[in-house]
Amino acid sequence: MKGIILIFMMLCFGISHSQSPKFTFVLGPEYVLPRHTSNIGFFGNETDGIMNFSLKKDELFINKFDPKTLEQTKTMSIALPERTRNFNHEGIYDIGLNYYWLHSDWDKDNEKESLYADKIDLKTGKISILNKKLFSTTKVAGASILIKIVGKYNFNFDADRKYMLVNYRLVPEEKNDRKNFDKIGLQVFDADMNKVWGSEFRLPYTEAVMDNNDFSIDSKGNAYLLAKVFDSEDRREKDRATGKPAYHYEVFKFSKGRSDFSRTIIEVGDYFIHQTVIIESTTHDMIIASTYSKKAKSNTTDGVFLAMVDTAGNIKKYKNGYYEFPLEEMTKYESARAKRRMERRSDYELPNLVARKIIVNQDGSLFLGFEEFEINITENPPSNVGRRYTYQYRYDNIYGARINSNGKFDWMRKIPKAQLSYVSMWGSMSYKLIADSSGYYFLYLDHKKNMNLDVDEKPKTHIDMHGGQVVVSKIDLQGNVTKDLLFDVRDEDIIFYPTLFNAINSNQFIGRAEMKGGGFKPLLITRKE
């Protein structure tokens, strides 16, 4: 009798669910939003509830869901009469025990930029504090998309998630990079969005010499900038005389109550740095993680370089410093011909590698998640409308590497995949990485023929917006790789965006699925205990 009642309830509420040996998924009832709304966040936790924020012109739509049944428990809309054509959604973030929607606006008449925070009450499904102004400044630089300037602000958090750093770059005073000195803004806030400190700084090098690579913040509220500084305005990667890098890196530290900043130089040695980030560890040291190549201007990566900034501001190699990708491990994924070539050279290089995620674990170990990413641009034959180009966005193999707390390169593993989009960057491409105490989970869409590949077999390509299998691959702490199929999106008649999913506890992630005929459904993925 209980089974009959359960089936009846599922039919009534429109809930569908299924399971793999290690995961289950539940699609909740369908809900509808006005046309042309944009999804700006699907977030929450298992205790207080789940919320979806959507935006359309001058109206914000809020939908609240029960985290267990996925039933919609509240829906409301909030008018945004103060919104102008320069209004920008900046993101939804959690800090401490609070959630905030951040948005900005540009007052053209008064030449003033402002950033605002709306505090979200998950329990009631409402906004409890509306339009709290965090700060104002002069015109901020960003990226031009159609008629708007976006990407003006970056947001970073310390390891304990007690502080938020907002960094931005003011519009250059000089258009010539050889003459202009960047002026940046740094604003620090606590978990209640009270301002801790903030200031604007003129950097010591011109734009022609200096690239601002990454910003971060520590648990005391100090802000950091990691910058690449070239030896000259020619911006050469390689010194012609020595053959070594023609640049170095510097760490700038900014603190409350100080109008100046400290600087520490990082020498990179003989290798060429590709991508570099700075992040606070659980022991409150600042970790610098970089990918490197043995060749200048190369699109291949040989390994990872790690350095550490201690609490006194000293920089040293983190553990062993340079970690070359293990030849023995990586060659097993290659063809026999490629293996022989690598073994002759005693070297392994990964093409087009991008670091997507760096996790500092509680025990001091590091996990680095990578992906092969490439944009190919081809010019189409001439036509009456002028030149046109075709863009290909490739999101290929995933790699995960773990360096233990003693500095040993524990393992590096490959998860084969091939994804191609002609639509835009991201879409349903790439992956979402979620970690817990047992390992690292990768959520992504894959081709149905890739579920049982041989170790050296090339994966079939999944094309964006052409169905796909929802897959979770896991690398456990010992480096064992498993792969589970959740469902085929065509069977459920949905469009699935992996990168927009978020964890609500240690074994569940939540997001929304888009129905092909319009409408949406909350989608909950659960790892079995």
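Concerning empty space enclosed by the protein
So, step 1. Enumeration over the complete set of coordinates arrives at three cavities of 30 Å³ or more.
So, step 2. For the largest cavity, the calculated volume is near 70 Å³.
So, step 3. Together, Phe23, Ile434, Asp436, Tyr441, Ser506, Asn507, Gln508, Phe509, Ile525, Thr526 and Arg527 line the largest cavity.
So, step 4. Among the secondary structure elements, those contributing two or more residues to the lining of the largest cavity are β32 (432-436), β39 (508-515) and β40 (520-527).
So, step 5. Here the lining of the largest cavity takes three residues from β40, the largest share from any one element.

A word on the pattern of salt bridges
So, step 1. All told, the structure shown has 21 salt bridges when counted by the stated rule.
So, step 2. Within the structure, one salt-bridge network assembled from shared partners comprises Arg169, Asp182 and Glu207.

Side note on the layout of surface pockets
Rolled over the atoms, a probe with the dimensions of a water molecule shows which regions are left empty.
So, step 1. Roughly 360 Å³ of volume is contained in the second largest pocket.
So, step 2. In this structure, the second largest pocket is lined by 22 residues; those nearest its centre are Glu334, Asn397, Lys414, Lys458 and Pro459.
So, step 3. Where the lining of the second largest pocket is concerned, the elements lending two or more residues are β26 (350-351) and β29 (389-403).
So, step 4. Considering every element that reaches the lining of the second largest pocket, the biggest residue donor is β29, with four residues.
So, step 5. Grouping the constituent residues of the lining of the second largest pocket by class yields nine nonpolar, three polar and 10 charged.

Some remarks on the sheet that holds strand β8 (residues 98-107)
So, step 1. Within the open sheet, the four strands sit side by side as β7-β8-β9-β10. Their pairing is antiparallel. In this open sheet, the two edge strands, each paired with only one partner strand, are β7 (88-95) and β10 (126-137). Strand-to-strand twist of the sheet, defined as the mean angle between neighbouring strand axes without regard to direction, takes the value 25°.
So, step 2. As defined by bridge partners, strand β9 (residues 112-121) adjoins β10 across eight bridges and the pair is classed as antiparallel.

Some thoughts on the sheet that holds strand β15 (residues 181-189)
So, step 1. Here four strands make up an open sheet; going across it, the order is β13-β14-β15-β16 and the pairing antiparallel. Two strands bound the open sheet, and with one partner strand each, they are β13 (153-157) and β16 (195-206). Taking each pair of neighbouring strands and ignoring which way they run, the sheet shows an average axis angle of 20°.
So, step 2. Where strand β14 (residues 164-169) and β15 come together, six bridges link them in antiparallel fashion. Each residue of the ladder has a partner; that of Tyr168, found in β15, is Gly185.

So, the nonpolar core
So, step 1. Of all hydrophobic cores here, the largest spans 25 residues; its most connected members are Leu306, Tyr399 and Met412.
So, step 2. Listed by contribution, the elements that provide at least two residues to this core are β22 (286-293), β24 (303-309), β25 (315-324), α3 (336-345), β27 (353-360), β28 (366-379), β29 and β30 (409-415).
So, step 3. Those residues in contact with Met412 that lie beyond four places of it in its chain are Phe325, Pro326, Glu329, Met330, Leu350, Tyr399, Gly400 and Ala401.

Points about the pairing of β9
So, step 1. Across the 10 residues of β9, seven count as buried, placing the element largely inside the fold.
So, step 2. Inspection of the sheet shows β8 paired to β9 by nine bridges, in the antiparallel sense. Each bridged residue has a counterpart across the sheet, and for His103 the counterpart in β9 is Tyr116.
So, step 3. The turn joining β8 and β9, which pair antiparallel and follow one another in sequence, is formed by four residues; a positive phi near 50° is taken by Glu111.
So, step 4. Between β9 and β10, which pair antiparallel one after the other, the connecting turn spans four residues, and Gly125 there sits at a positive phi close to 75°.

So, the pairing of strand β2 (residues 23-27)
So, step 1. Most of β2 sits inside the fold, with four of its five residues counted as buried.
So, step 2. Judged from the five bridges that link them, β2 and β40 form a sheet pairing that is antiparallel. Following the sheet pairing, Phe23 is matched in β40 by Arg527.

A closer look at the side chain of Thr301
So, step 1. Following the sequence through the fold, Thr301 ends up in strand β23 (residues 300-301).
So, step 2. With near-sequence residues (within four places) excluded, Thr301 lies in contact with His274, Thr291, Tyr292, Phe325, Tyr348, Glu349, Leu350 and Leu353.

Focus on a nonpolar patch on the surface
So, step 1. Taken together, the side chains of Ile375, Ile377, Tyr389, Tyr391 and Met425 present a nonpolar region at the surface, about 460 Å² in accessible area.
So, step 2. Of all elements in the fold, only β28 and β29 reach the threshold of two or more residues within the nonpolar patch.
So, step 3. Along the chain, the position of Ile377 falls in strand β28.

What about unusual backbone geometry?
Among all residues except glycine, the phi angle is most often negative; among peptide bonds, the trans geometry is most common.
So, step 1. Residue Lys57 is not a glycine yet carries a positive backbone phi of 50°.
So, step 2. For Lys57, a relative accessible area of 66% translates into the label exposed.
So, step 3. The phi torsion at Lys297 lies on the positive side, around 55°, for a residue other than glycine.
So, step 4. Positionally, Lys297 belongs in the loop between β22 and β23.

A few points about the side chain of Asn167
So, step 1. By secondary structure assignment, the location of Asn167 is in strand β14.
So, step 2. Residue Asn167 is classed as buried on the basis of its relative accessible area of 2%.
So, step 3. The residues touching Asn167, leaving out its near neighbours within four places in the chain, are Lys152, Tyr153, Asn154, Asn156, Gly185, Leu186 and Phe215.

Criteria and thresholds
- Residues numbered from 1 in each chain as written.
- Predicted model: local features only at pLDDT ≥ 70, side-chain atom pairs only at ≥ 80, totals over all residues.
- Heavy atoms only, no water.
- 1 Å grid on protein atoms, 1.4 Å probe; cavity = no way out; pocket = protein on both sides within 12 Å on 5 of 7 lines; lining within 4 Å.
- Points joined across faces, edges and corners; volume = space filled by probe spheres on them.
- Helix = DSSP H or I, 4+ residues; strand = E, 2+ residues; numbered from the N terminus.
- Salt bridge = Lys/Arg side-chain N within 4 Å of Asp/Glu carboxyl O.
- Nonpolar A, V, L, I, M, F, W, Y, C, P; charged D, E, K, R; others polar.
- Pairing = 2+ DSSP bridges.
- Axes fitted to C-alpha atoms, helices over the stretch in contact; angles between N-to-C directions.
- Core = buried A, V, L, I, M, F, W, Y, C linked by side-chain atoms within 4.5 Å.
- Buried < 20%, exposed > 50% of the residue type's maximum accessible area, 1.4 Å probe, protein only.
- Contact = heavy atoms within 4.5 Å.
- Patch = residues over 30% accessible without salt bridge, like charges linked within 9 Å, V, L, I, M, F, W, Y side chains within 5 Å.
- Areas by Shrake-Rupley, 256 points an atom, 1.4 Å probe, with all protein chains shown as cover.

This is a description of form; function is not addressed.
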